[in-house]
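A look at the structure
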Amino acid sequence: MAQGHPRHVVITGVTRGLGRAMAEKFIELGHVVAGCGRSETHIAQLRERFGRPHLFQALDVTNDEQLQAWAREVIAGHGAPDLLLNNAALANHPAPLWEVPAAEFSQVIDVNLKGVANVIRHFVPAMIERKAGVIVNFSSGWGRSTSPGVAPYCATKFAIEGLTRALAQELPAGMAAIPLNPGVINTDMLKICFGSSAESYSPPREWAKDAVPFLLKLGPKDNGKPLSAP
Ligand SMILES: NC(=O)c1ccc[n+]([C@@H]2O[C@H](COP(=O)([O-])OP(=O)(O)OC[C@H]3O[C@@H](n4cnc5c(N)ncnc54)[C@H](OP(=O)(O)O)[C@@H]3O)[C@@H](O)[C@H]2O)c1
C-alpha cells in the first residue's frame, strides 16, 4: 500500500518503456494512475490488468481535442493530479540533420514539444486551482549535451529544459515544474538510437525501482531545477 496518502499520478506514454514501468510501479506501491498512449492493444491490456480506479486511454498527445476530453474525464474522476509526468516522446531515426525528412522532423516536434504543451494546457489549470502538484517533463542527456544523428531530438529536449524552467517561474508557490533526465535505459527508443548496444543498459523495470520513489519525493523545493533520475 501507499506510504502516506495514495497519489494521483498522470503519465503519458504508458504503453511501453519507462512509462509502462512507472505505471506498474506506482500501482504496486498503492497509487492511482491515469495513463495514455497510442497503441489500443497495449491500452486494452493495461485496462484488463489494472481496473478502476486506474484509467487508461488510447490517444495521441498531439491531438489537443482528444487530450482535453481525457483530461476532463480524469479530473472529474480523481481530481487534479498530484504528479503529472510528461513522458511520451519520439526519437528520430539517427541521421545527419540535412537528411531527416520534413515529415519526421515535424512529428518529433509535434510529440515531444506540442504534445507536452497540450498536456500542460489541459491538466495544469486544475492543479493551479489547488495550488499543489508536481509536473515532471522528461528531458534527456540530449537535452543538456549533443551527439551527431539526433539533432531533431536534441532540439526538442533542449526546448523542454527551457519550457519547463519558464513554466516553473509561472506556477504559484506550492507547485513545481521539473525537467528530468531519466538516464540511459534499454527501451524501444534506446534501440532506435543505440542499436544492439542498447542491450547493455538496465531494463525499464529495474530503473523504475529507484526512479518511482525518487519521483514521489519531488516537491516545491525542486521547482525549476534540472534533475536527473537516480
Ligand atoms: N530510454 C532512454 O534511455 C531515455 C534516455 C533519455 C530520455 N528518455 C526519455 O524518456 C521518455 C520515455 O522514453 P522511452 O525510452 O520509454 O521511450 P519508448 O520506449 O519509445 O516509449 C515511448 C512511449 O511514448 C508513447 N508515445 C509516443 N508517441 C506518442 C503520442 N503521439 N501520443 C501518446 N503517446 C505516445 C509510446 O506509446 P505509443 O507508441 O503506444 O503511442 C510509448 O508508450 C521520453 O521522453 C524519452 O525522450 C529516455
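Description of the structure in this document. Keep in mind it's a predicted model, so treat the numbers as computed, not measured.

Quick word on the sheet that holds strand β1 (residues 8-12)
The sheet built from 7 strands is open, its strands ordered β3-β2-β1-β4-β5-β6-β7 with parallel pairing. On the outer flanks of this sheet lie β3 (55-58) and β7 (227-228), each paired with one strand and no other. Of the pairings in the sheet, the one linking strand β6 (residues 175-181) to β7 comprises 2 bridges and is parallel in character. Bridging from a neighbouring strand, Leu-180 pairs with Leu-227 of β7. Of the strands in this sheet, β2 (32-37) and β3 are in contact with helix α2 (residues 40-49), which crosses β3 at around 165°. On the sheet, helix α4 (residues 102-130) packs against β1, β4 (83-86), β5 (133-138) and β6 and is oriented at approximately 175° with respect to β4.

Digging into the pattern of salt bridges
According to the stated counting rule, one finds 12 salt bridges in the structure shown. As a salt-bridge pair, Glu-206 and Lys-209 come within 2.9 Å of each other at their nearest N and O atoms. In this pair, Glu-206 and Lys-209 both sit in helix α7 (residues 204-216), 3 residues apart, roughly one turn of the helix. What emerges from the salt-bridge pattern is a single network uniting Arg-20, Glu-24, Arg-49 and Arg-205.

Re the environment of Thr-12
Turning to its location among the elements, Thr-12 is positioned in strand β1. Here Thr-12 falls in the buried class, since its relative accessible area comes to 2%. C-alpha of Thr-12 to C-alpha of Gly-195: the two residues are 183 residues apart in sequence and 24 Å apart in space. Discounting chain neighbours no more than four positions away, the residues touching Thr-12 are Cys-36, Val-61, Leu-85, Asn-86, Asn-87, Ala-88 and Val-119. Of note is the side chain of Thr-12, whose polar atom sits 2.9 Å from the backbone nitrogen of Ala-88.

Quick look at the site of the ligand
Around the ligand sit 30 residues in total, of which Thr-15, Arg-16, Arg-38, Tyr-153 and Thr-187 are the nearest. Contact distances for the ligand include 2.8 Å between an oxygen atom and a backbone N or O atom of Asn-87. Between an oxygen atom of the ligand and a main-chain N or O atom of Ile-185, the distance comes to 2.8 Å. Alone, the ligand offers 890 Å² of accessible surface; in the complex the protein occludes 96% of this. Counting only elements with at least two residues in the shell around the ligand, the list comes to α1 (17-28), α5 (151-170) and α6 (188-194). Considering every element that reaches the shell around the ligand, the biggest residue donor is α6, with 3 residues.

Regarding the packing of aromatic side chains
On inspection of all chains with the given rule, the structure shows 5 aromatic pairs. When the ring of Trp-142 is compared with that of Phe-194, the centres are 6.1 Å apart and the planes differ by 70°; the resulting orientation is edge-to-face. Linking Trp-142 in the loop between β5 and α5 with Phe-194 in helix α6, this pair joins segments that are 52 residues apart in sequence. Overall, the relative accessible area of 17% leaves Trp-142 in the buried class. Under the relative-accessibility criterion, Phe-194 is labelled partly exposed at 29%. In textbook terms, an aromatic cluster arises when at least three aromatic residues are bridged by ring pairs, as seen for Trp-142, Tyr-153, Phe-194 and Tyr-201.

Let's talk about a nonpolar patch on the surface
On the surface, a cluster of nonpolar side chains totalling about 370 Å² of accessible area is made up of Leu-97, Trp-98 and Phe-105. Counting through the fold element by element, Trp-98 comes out in the loop between β4 and α4.

Conventions adopted
- Residues numbered from 1 in each chain as written.
- Predicted model: local features only at pLDDT ≥ 70, side-chain atom pairs only at ≥ 80, totals over all residues.
- Heavy atoms only, no water.
- Pairing = 2+ DSSP bridges.
- Helix = DSSP H or I, 4+ residues; strand = E, 2+ residues; numbered from the N terminus.
- Contact = heavy atoms within 4.5 Å.
- Axes fitted to C-alpha atoms, helices over the stretch in contact; angles between N-to-C directions.
- Salt bridge = Lys/Arg side-chain N within 4 Å of Asp/Glu carboxyl O.
- Buried < 20%, exposed > 50% of the residue type's maximum accessible area, 1.4 Å probe, protein only.
- Polar contact = N/O pair within 3.5 Å; in protein donor to acceptor, adjacent residues only side chain to side chain.
- Near = heavy atom within 4 Å.
- Areas by Shrake-Rupley, 256 points an atom, 1.4 Å probe, with all protein chains shown as cover.
- Phe/Tyr/Trp six-rings, centres within 6.5 Å; stacked < 30°, edge-to-face > 60°.
- Patch = residues over 30% accessible without salt bridge, like charges linked within 9 Å, V, L, I, M, F, W, Y side chains within 5 Å.

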